[in-house]
Amino acid sequence: MKKLILFLFSIPSLSFSQSGTFSVALTTTDSIVYDTPGAFMSIHGTIYNLSSSDSVSLSMEKQFIDIPITWETALCTDICYPSTINSVIISLAPADSQEFLFYFYTDIVADSGYAKILYTNLSVPSNTVLHGYHGVTQVPAGIFEKN
């Protein structure tokens, strides 16, 4: 008679931790910036990793840009990227944050522009944020002083 030996292996349950999630908050008072023609206008914000245990990799992508032909825009995180770069990928450690700037480079004619930036979590695609940014240049109104 043959003996059948059965080995049972204890397989631990595999648990794949969900990647962290993020949020975006403006550190300036508004998503609209005003300045004089020819100015470099910036809107400041911070990206937060909301997880204390998982890192986050996310893309920042210019989705829609409606600016005068002589204007340019730029994304800045730990470095400022050339205006020709339309998307960047950044990674945040658990509970970390990253400041960012969105620039409008204007010309000498008063005008306005608009851009939308899509922030997407590369591991959790449903974790997205779409922000609109406005830049307006105006010629300051003069004040007449009487001597």
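This one's a predicted model, so the numbers in the text were calculated from it and none came from an experiment. Per-chain numbering applies: the sequence of each chain, read as written, is numbered from 1 onward. At least 70 in pLDDT is required for a residue's local features to be given in this predicted model, at least 80 for side-chain atom pairs to be given and counted, and no such filter applies to totals for whole chains, interfaces and linings, which use all residues. Working from all heavy atoms in the structure, the side-chain values ignore hydrogens and water.

> For this particular structure, what's the right way to read the overall build of the protein chain?
Numbering goes from the N terminus for both helices and strands, where a helix is a DSSP run of H or I of at least four residues and a strand is a run of E of at least two. If you tally the helices and strands in the protein chain, you get zero helices and nine strands. Helices and strands in the protein chain line up, N terminus first, as β-β-β-β-β-β-β-β-β. For the protein chain, with 147 residues in total, the buried portion stands at 35%. Throughout, a residue-residue contact means that at least one pair of heavy atoms, one from each residue, lies within 4.5 Å. Taking as baseline every contact in the protein chain between residues at least 6 positions apart, the subset at least 24 positions apart corresponds to 72%. Classification of residues uses two cut-offs on accessible area relative to the type maximum, computed with a 1.4 Å probe and protein chains only: under 20% is buried, over 50% is exposed, and between them is partly exposed.

> Explain the pairing of strand 9 (residues 128-137) here, please?
Summarising burial for strand 9: seven of the 10 residues are buried, a large majority. Pairing between two strands requires that DSSP report at least two bridges joining them. Of the pairings in the sheet, the one linking strand 2 (residues 32-35) to strand 9 comprises four bridges and is parallel in character. Across the sheet, D35 pairs through a bridge with T137, a residue of strand 9. Note that strand 8 (residues 112-121) and strand 9 share nine bridges and pair antiparallel. Within strand 9, the position partnered with T120 by the bridge is T128.

> Sorry if this is basic, but what is going on with the nonpolar core here?
Where a protein is soluble and globular, its nonpolar side chains tend to be buried together. As used in this record, nonpolar core signifies buried Ala, Val, Leu, Ile, Met, Phe, Trp, Tyr and Cys residues forming a set joined through side-chain atoms within 4.5 Å. If you look at the biggest cluster of nonpolar residues, it comprises 23 residues, and the most contacted ones within it are F22, I47, L58, M60, F104, Y119 and Y133. For this core, the secondary structure elements donating two or more residues are strand 1 (22-26), strand 3 (40-49), strand 4 (56-66), strand 6 (87-92), strand 7 (97-105), strand 8 and strand 9.

> Mind showing me how you'd approach the state of the cysteines here?
Disulfides are covalent bonds that connect the sulfur atoms of two cysteines. Any two cysteine sulfur atoms lying within 2.5 Å of each other are counted as a disulfide. Overall, the coordinates contain one disulfide when judged by the stated rule. Shown here is the disulfide that connects C76 with C80, its sulfur atoms set 2.1 Å apart. Across the disulfide from C76 to C80, rotation about the S-S bond amounts to roughly 110°, and the bridge is consequently right-handed. Classification of C80 as partly exposed rests on a relative accessible area of 46%.

> Sorry, what's going on with the sheet that holds strand 9 here?
Strands belonging to one sheet form pairs held by backbone hydrogen bonds; the direction of such a pair is parallel or antiparallel. The strand order across the open sheet formed by five strands is 2-9-8-4-6, and the pairing between neighbours is mixed. Either end of the sheet is taken by a strand with one partner, and the two such strands are strand 2 and strand 6. When the angles between neighbouring strand axes are averaged without regard to direction, this sheet yields 20°. Relative to strand 6, strand 4 is paired through six bridges, and the arrangement is antiparallel. By the bridge assignment, E61 is partnered in strand 6 with S87. Fitted lines through C-alpha atoms give the axes, limited to the stretch in contact for helices. The angle between two N-to-C directions lies from 0 to 180 degrees.

> Mind showing me how you'd approach the confidence of the model for the protein chain here?
Reading predicted coordinates in detail is not appropriate for stretches of low pLDDT. Confidence of the predictor at the level of single residues is captured by pLDDT, which takes values from 0 to 100. The pLDDT averaged across the protein chain works out to 86; a share of 84% of its residues lies at or above 70. When the criterion is pLDDT under 50, residues 1-18 qualifies, and its contacts beyond four places in sequence or with other chains add up to three contacts.

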